[in-house]
Amino acid sequence: MTDNLPKSQSDQSWWKETFIYQIYPRSFKDSNGDGIGDLNGITQSLDYLQELGVETIWLSPIYKSPNDDNGYDVADYCAIMEEFGTMEDFDRLLAEMKKRNMKMVLDLVFNHSSDDHQWFQEARKSKDNPYRDYYIFKEGKDGNPPNNWLSFFEGSAWEYNEATDDYYLHYFTRRQPDLNWENPKVREGLYEAMRFWLDKGVNGFRFDVIPLISKDLSYPDIPADENGRLDFVRHYANGPRVHEFLQEMYEKVLKHYDCYTVGEGIGISTREAADYVAPERKELDSIYHFDHMVLDRDWETGKATPLPLVQFKAVIREWDEALINKGWNTFYLGNHDQPRAVSRFGNDSPAYRALSAKMLMTMLFTQKAIPYLYQGDELGMTNTHFESVEEFDDVHVHNMYKDLKAQGGSEQAFLERMNTNSRDHARTPFLWNAEKQAGFTEGERPWIKINPNHKEINAESCQKNQNSVWHFTKEMIKVRKENPGLIYGDYEDLAPEHPSLFLYKRAHGKETYLVLLNFSDQEQPTRINASSDMQVIIANYEDHTPKDGETILRPYESVIYKF
Ligand code: TEU
Ligand code: CA
């Protein structure tokens, strides 16, 4: 089917043709009433997922963890988090997935571990402890941390360690000490964990913040930019040995298995992208970037601003150009670190929620990239309203709140900001039905609040309603699978400058697809002349028929033509 494509683009792989469904286990399905989602809950839901068309599942971390950052702080890379179940539960989940021909991608958090990890418990004890070099300890400077590096989640990136009278590095919370990748024993220990899961039959890995693993060993102060800010992400990412480490990991582990990999490409720009994913470099299969996730934010205040669609499209174009014939891309509109896609990029008012969610789904599944679908987006789940700071769970929110208090900032403004931006919007439980606790738990207390709109928005009612976002998503999944042109075809933006329309072409051999998306609540003429010989593959308004003459798109309308 791909005989007429350039070699590197025609190399077919299961992971190019699949899409990834992300599960945040804590919030998916609770099987034992303790209010926390778990592995058995996922196993019980596999039929639901299969019905939707899910083939590949990425599980956010399931390992033993004190949950300072909900599992992104791992205490044992080869043990299951107690709240999530046992290793037998895991083996059963994997076996049930295999029965359904589903593939499993695990999340590896290798830049840092939890401070509960046995390696760190040892390392912090004394300067001559055999594990000391598993982490990064440095002398302070006149009672201050070694340099001005900041953590993503709280103040200085250095934490004082009493027993050794020095500081350890943590890019994230103080309970997430950074591992020392310079130490070959650390690397071998992590590779061992990878083999442990691969030997069980796991099909791939997502690598958390992978561009951060190699440090600048001179540990210089970061100079402030002209606005007085420290652009620390740029200084932490793409360190001197990152590619050497990834190539070693490929040699020692990945090449021995049929295994898909994706890197969370924090700090990777289009310039560096191909270095991580070009097949001949033998590092990773794909990465995902953040460039389209930072456009609708004011950097001074952190406030949400309207999406500048022209810039959004430019980002997509630049990434397509950067990777064309070089490596494979991915695309997402939401994950466990982002607010809900429909509330952010669509319109979650009752009139337009379902329509705009379907329009976004059309975009997600027709990029030249592996689509990443976050749990609940197939229902068009929305952001929640958090009444108070206490209702948030995220350690990042609580740390920002502490800073705000210390500086005497406005609580009202903070709440408003978190009500649009917080990661907790994505972490509210999956909405299974209209019953109490949305069918997520039979217990009295879910670990985080449940969106009250579950009376209207839930899987059960979506499945009953043929016009739902769920049925549309299912159809869209099928459309992508049945049209390899939408997977392998070239990408061309037809109206880069249009402020509210996103119109693009995917061309593949003799087949051409036009994807027409209206991002606004107004009718928009497209300057595209449809004709009756164009076949409508999928549309979010039921009555869409191509007429001769200019196609006019109604509010949030989306359609794919094939000819
Ligand atoms: O995310 C890294 C990352 O870029 C986030 O910290 C991002 O800056 C933040 O979510 C924006 O609010 C990964 C994981 O996806 C995230 O859940 C973890 O908290 C983080 O790494 C540390 O492991
Ligand atoms: Ca549970």
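Residues numbered from 1 in each chain as written. Chains lettered and ligands numbered in written order. Predicted model: local features only at pLDDT ≥ 70, side-chain atom pairs only at ≥ 80, totals over all residues. Heavy atoms only, no water.

Novice: Looking at this structure, I do not really get the pairing of strand β17 (residues 524-530). What am I missing?
Specialist: The side chains of a regular strand alternate between the sheet's two faces. Only one face of β17 is buried, namely the one carrying Gln524, Thr526, Ile528 and Ala530, since none of Pro525, Arg527 and Asn529 on the opposite face is buried. In the sheet, β17 pairs with strand β19 (residues 549-553) via four bridges, with the strands oriented antiparallel. Across the sheet, residue proline 525 finds its bridge partner in β19, namely isoleucine 552. (Buried < 20%, exposed > 50% of the residue type's maximum accessible area, 1.4 Å probe, protein only. Helix = DSSP H or I, 4+ residues; strand = E, 2+ residues; numbered from the N terminus. Pairing = 2+ DSSP bridges.)

Novice: How should the coordination of the calcium ion (ligand 2) be read in this particular structure?
Specialist: Coordination angles at a metal have ideal targets, namely 109.5 degrees for four tetrahedral donors and 90 or 180 degrees for six octahedral donors. In the first shell of the calcium ion (ligand 2), the protein supplies Asp30 (OD), Asn32 (OD1), Asp34 (OD), Ile36 (O) and Asp38 (OD), at 2.3 to 2.4 Å from the metal. Donor residues binding the calcium ion (ligand 2) come from one chain and are separated in sequence as D-x1-N-x1-D-x1-I-x1-D. (Donors = N, O, S within 2.8 Å, 3.2 Å for Na, K, Ca; no water.)

Novice: What is the right way to read the packing of aromatic side chains from this model?
Specialist: Ring pairs (aromatic) are described by centroid distance and by the angle formed between their planes. For the structure shown, the criterion picks out 49 aromatic pairs. For the ring pair tyrosine 48 and tryptophan 470, a centre distance of 6.1 Å and an interplane angle of 40° mean the geometry is tilted. Taken together, the residues tyrosine 48 in helix α4 (residues 46-52) and tryptophan 470 in helix α18 (residues 469-482) connect sequence positions 422 residues apart. Both residues of the pair, tyrosine 48 and tryptophan 470, count as buried. Taken together, a centroid distance of 5.5 Å and an interplanar angle of 45° make the contact between phenylalanine 232 and tyrosine 236 tilted. Residue phenylalanine 232 and its partner tyrosine 236 are located together in helix α8 (residues 232-236), separated by four residues, close to a single helical turn. Here phenylalanine 232 and tyrosine 236 have matching classes, each one buried. Here the aromatic cluster, defined as three or more aromatic residues joined through ring pairs, consists of Trp149, Phe152, Phe153, Trp158, Tyr171, Phe172, Tyr219, Phe232 and Tyr236. (Phe/Tyr/Trp six-rings, centres within 6.5 Å; stacked < 30°, edge-to-face > 60°.)

Novice: So what exactly am I meant to see when it comes to the site of ligand 1 here?
Specialist: Neighbouring residues of ligand 1: 17 residues in total, closest Asp69, His112, Asp208, His336 and Asp337. Histidine 336 places a polar side-chain atom, nitrogen or oxygen, 2.9 Å from an oxygen atom of ligand 1. Within the contact set of ligand 1, an oxygen atom lies 2.4 Å away from a side-chain nitrogen or oxygen of aspartate 337. Considering only residue class, the shell around ligand 1 consists of six nonpolar, four polar and seven charged. (Near = heavy atom within 4 Å. Polar contact = N/O pair within 3.5 Å; in protein donor to acceptor, adjacent residues only side chain to side chain. Nonpolar A, V, L, I, M, F, W, Y, C, P; charged D, E, K, R; others polar.)

Novice: It is not clear to me how unusual backbone geometry should be interpreted in this structure. Could you clarify?
Specialist: Excluding glycine, residues mostly have negative phi values, and the peptide bonds linking residues are mostly trans. Although it is not a glycine, asparagine 101 sits at a positive phi angle of roughly 60°. Locating asparagine 101 in the fold gives a position in the loop between α5 (87-99) and β5 (103-108). Among the residues examined, asparagine 101 registers a relative accessible area of 66% and is labelled exposed. The residue alanine 438 is not glycine, and still its phi comes out positive at about 55°. Looking at the secondary structure, you find alanine 438 in the loop between α16 (424-427) and α17 (459-464).

Novice: Help me understand the packing of helix α7 (residues 184-200) against helix α9 (residues 242-252) in this model?
Specialist: Two quantities define a packed helix pair, namely the angle between the helix axes and the distance between the axes. Viewed as axis vectors pointing N to C, α7 and α9 meet at an angle of 45°, and their least axial separation amounts to 11 Å. Of the possible angle classes, the one that applies to α7 and α9 is oblique. Considering how the two elements wind past one another, α7 and α9 form a crossing that is right-handed. Of the residues in α9, those touching α7 at Arg187, Glu188, Tyr191, Met194 and Arg195 are Phe245, Glu248, Met249 and Lys252. Among the residues making up the contact of α7 with α9, the classes are represented as four nonpolar, no polar and five charged. (Axes fitted to C-alpha atoms, helices over the stretch in contact; angles between N-to-C directions. Parallel < 35°, antiparallel > 145°, perpendicular 65-115°, else oblique. Left-handed = near helix turned anticlockwise from the far one by under 90°. Contact = heavy atoms within 4.5 Å.)

Novice: Would you take a moment to explain the environment of alanine 75 for this structure?
Specialist: Residue placement: alanine 75 occurs in the loop between β3 (63-64) and β4 (76-80). Separated by 309 residues in the primary sequence, alanine 75 and threonine 384 have C-alpha atoms spaced 31 Å apart. Setting aside residues no more than four positions away along its own chain, alanine 75 makes contact with Lys64, Ser65, Pro66, Ser114, Asp116, His117 and Gln118.

Novice: Help me understand α18, please; the structure alone is not making it clear to me.
Specialist: Note: α-helices contain 3.6 residues per turn, so residues at a spacing of three or four share the same orientation. With 14 residues, α18 should reach 20 Å at 1.5 Å per residue; the first-to-last C-alpha distance of 20 Å fits that figure. Turning to α18, its buried residues are Val469, Trp470, His471, Phe472, Thr473, Met476, Ile477, Val479 and Arg480. (Expected span 1.5 Å × (residues − 1).)

Novice: Honestly, the environment of glycine 376 in this entry has me stumped. Any pointers?
Specialist: Along the polypeptide, glycine 376 turns up in the loop between β13 (370-374) and α14 (395-407). On the basis of relative accessible area, glycine 376 is assigned to the buried category, the value being 0%. Measuring from C-alpha to C-alpha, the distance between glycine 376 and asparagine 458 comes to 8.7 Å, with 82 residues separating the pair along the chain.

None of the figures reported here should be taken as evidence of function without further support.
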